[in-house]
Amino acid sequence: MHIGCPKEIKPQEFRVGLTPNAAREAVAHGHTVTMEAGAGVGAGFTDADYADAGAQMVGTAAEVFAAADMIVKVKEPQAIERKMLREGQILFTYLHLAPDPEQTHDLIASGATCIAYETVTDDRGGLPLLAPMSEVAGRLAPQVGAWTLQKANGGRGVLMGGVPGVGPAKVVVIGGGVVGTHAAKIAAGMGSDVTVLDRSLPRLRYLDDVFGGQFKTSYASAGNTIELVREADLVVGAVLIPGAAAPKLISRAQLSEMKPGAALVDVAIDQGGCFETSKATTHQDPIYDVDGIMHYCVANMPGAVARTSTIALGNATMPFMLALADKGWRQACEDDPHLLNGLNVHAGKLTYFAVGKALGIDVLSPQLALKA
Ligand SMILES: NC(=O)c1ccc[n+]([C@@H]2O[C@H](COP(=O)([O-])OP(=O)(O)OC[C@H]3O[C@@H](n4cnc5c(N)ncnc54)[C@H](O)[C@@H]3O)[C@@H](O)[C@H]2O)c1
């Protein structure tokens, strides 16, 4: 198969769909890989790295789209990229179609077969192509929280780990899923005093079994939450209710009960945020102050560490990318129902029920699409 990877063009996107290692594996499987020149630069990969891996380099995205049977990307295709897709071509990338009718209609019109990273599943009920970005955002949260707590940034001037004779920062993580667990591990590793709140008792049991001693757990009743938040130097918001906006767990009025200069890092901002006063910010201007409490609410946190994020995403996508290339999309999806769950659009039809419901578009079942 001819696999193509253009440079990402969405503003502030520095990741790339194929790492040189992924390109090397595809070439070893007998495939041709075409990269747009400069595609990997934002993630620290040079054109020479890709050439060494056996990829061919071309000057423009148009050449990549024209040559490739399958396009591998990171972000949803932008309007100018959607125009370059053609019937029969495979697109493998994040799509997030439900809130994006324009993109959905363009992809349907393109006739391409579009497989979305975010809806590919695994045996444990997880989302294996979303998890790496949650791991990155979770591990980044205490790092940006520590920075936000510094005096010059408006914070309380508290050091995460304290020093001998001075106690550590108190960190409260609300939501003990992928983001929350990674945030708690790093915060504990920095020497802070960490408590993780969740509403799922099985999850709290798991965290206590695996991490007991490194951090504490608490049931996320409203009473427990506010009691811990009052004492906290740093609060990380990491809740998710699948398919719904994040619940608001700290109100504006409750900010006045917090310590002046405490920091809120709202990782759930991409689902609307779990603090009433959260509003999305960018890496250029990440923090703001409401009533003396510092807020960090960057919606695409993994972009701050584009190299780590690219490699982590590439590790997760590579087996699926190789299956699609080795077998063709039809056989690969027939063999792997989890990959079939990624099928969102095929040959002029929407094939993902939740998107159809959100946008009021008729859906062809993915099983029927396999036979179409
Ligand atoms: N900002 C970013 O760059 C970025 C990056 C990755 C993920 N995210 C977001 O981070 C959030 C968490 O993602 P995840 O992968 O960890 O999800 P997850 O499903 O693994 O974990 C969510 C946890 O929240 C818990 N929860 C739900 N409601 C709760 C409540 N009211 N109180 C306490 N806990 C509650 C659930 O029981 C679950 O354990 C999501 O909103 C996700 O979209 C943001």
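The structure under discussion appears in the preceding block.
Right, let's walk through the structure included here.

Let's talk about the environment of Gly-356
Working step 1: Tracing the backbone shows Gly-356 in helix α14 (residues 353-359).
Working step 2: Looking at Gly-356, the relative accessible area reads 5%, which means it is buried.
Working step 3: Along the primary structure Gly-356 and Thr-104 are separated by 252 residues, whereas in three dimensions their C-alpha atoms are 9.7 Å apart.

Observations concerning the pairing of strand β1 (residues 2-5)
Working step 1: A two-sided burial pattern is seen for β1, the buried positions comprising His-2 and Gly-4 on one face and Ile-3 and Cys-5 on the other.
Working step 2: Pairing of β1 with strand β2 (residues 32-36) involves 4 bridges; the strand directions are parallel. Bridged to Cys-5 within β2 is Met-35.
Working step 3: On the question of chirality, the crossover connecting β1 to the parallel β2 by way of helix α1 (residues 20-28) is right-handed.
Working step 4: When β1 meets strand β4 (residues 70-72), the two strands line up parallel, connected through 2 bridges. Looking at β4, one finds that Gly-4 is bridged to Ile-71.

Quick word on the site of the ligand
Working step 1: Taken together, the neighbourhood of the ligand is formed by 27 residues, with Ser-134, Val-179, Asp-198, Asp-270 and Met-301 sitting nearest.
Working step 2: In the model, an oxygen atom of the ligand is placed 2.9 Å from a nitrogen or oxygen of the Val-178 main chain.
Working step 3: Between the ligand and the protein, one listed contact pairs a nitrogen atom with a backbone N or O atom of Val-298 at 3.2 Å.
Working step 4: Compared with its free state, where it exposes 870 Å², the ligand has 84% of that area covered by protein.
Working step 5: Where the shell around the ligand is concerned, the elements lending two or more residues are α6 (131-148) and α7 (178-189).
Working step 6: The biggest single contributor to the shell around the ligand is α6, with 3 residues.

Concerning the pairing of strand β7 (residues 170-174)
Working step 1: Among the 5 residues in β7, 4 count as buried, and that is most of the element.
Working step 2: In this structure, β7 lies alongside strand β8 (residues 193-198), joined through 5 bridges in parallel fashion. From the neighbouring strand, Val-173 faces β8, where its bridge partner is Val-196.
Working step 3: As a crossover connection, the stretch from β7 through α7 into β8 is right-handed.

Observations concerning the sheet that holds β4
Working step 1: Ordered by their spatial adjacency, 8 strands build an open sheet running β3-β2-β1-β4-β5-β6-β14-β15, and the pairing between neighbours is mixed. Only two strands of the sheet have a single neighbouring strand rather than two, namely β3 (56-58) and β15 (349-350).

Brief notes about the environment of Leu-197
Working step 1: Note on placement: Leu-197 falls in strand β8.
Working step 2: Considered as a pair, Leu-197 and Gly-237 are 40 residues apart in the sequence and their alpha carbons are 10.0 Å apart.
Working step 3: Leave out the neighbours within four places in its chain, and Leu-197 touches Val-172, Val-173, Ile-174, Gly-175, Gly-176, Ser-218, Tyr-219, Ala-220, Asn-224, Thr-225 and Leu-228.

Focus: the side chain of Glu-118
Working step 1: Residue position: Glu-118 is located in the loop between β6 (113-116) and α6.
Working step 2: Although Glu-118 is buried, it forms no salt bridge, and the closest oppositely charged side chain is Lys-75 at an N-O distance of 9.1 Å.
Working step 3: A polar contact is formed between the side chain of Glu-118 and the backbone nitrogen of His-96, at a distance of 2.5 Å.

Quick word on the packing of α6 against helix α11 (residues 306-327)
Working step 1: In contact at an axis separation of 9 Å, α6 and α11 are set at 150° when each is read in the N-to-C sense. Classified by the angle their axes make, α6 and α11 are roughly antiparallel. The handedness of the crossing between α6 and α11 is right-handed. The segment α6 lies against α11, with Pro-132, Met-133 and Val-136 engaging Ser-309, Ala-312, Leu-313 and Ala-316.
Working step 2: The residue makeup of the contact of α6 with α11, split by class, is 6 nonpolar, 1 polar and no charged.

Thresholds applied
- Residues numbered from 1 in each chain as written.
- Predicted model: local features only at pLDDT ≥ 70, side-chain atom pairs only at ≥ 80, totals over all residues.
- Heavy atoms only, no water.
- Helix = DSSP H or I, 4+ residues; strand = E, 2+ residues; numbered from the N terminus.
- Buried < 20%, exposed > 50% of the residue type's maximum accessible area, 1.4 Å probe, protein only.
- Pairing = 2+ DSSP bridges.
- Right-handed = clockwise from strand over helix to strand, strands pointing away.
- Near = heavy atom within 4 Å.
- Polar contact = N/O pair within 3.5 Å; in protein donor to acceptor, adjacent residues only side chain to side chain.
- Areas by Shrake-Rupley, 256 points an atom, 1.4 Å probe, with all protein chains shown as cover.
- Contact = heavy atoms within 4.5 Å.
- Lys, Arg positive; Asp, Glu negative; His and termini not counted.
- Salt bridge = Lys/Arg side-chain N within 4 Å of Asp/Glu carboxyl O.
- Axes fitted to C-alpha atoms, helices over the stretch in contact; angles between N-to-C directions.
- Parallel < 35°, antiparallel > 145°, perpendicular 65-115°, else oblique.
- Left-handed = near helix turned anticlockwise from the far one by under 90°.
- Nonpolar A, V, L, I, M, F, W, Y, C, P; charged D, E, K, R; others polar.

Limitation: the analysis is restricted to geometry and does not speak to function.
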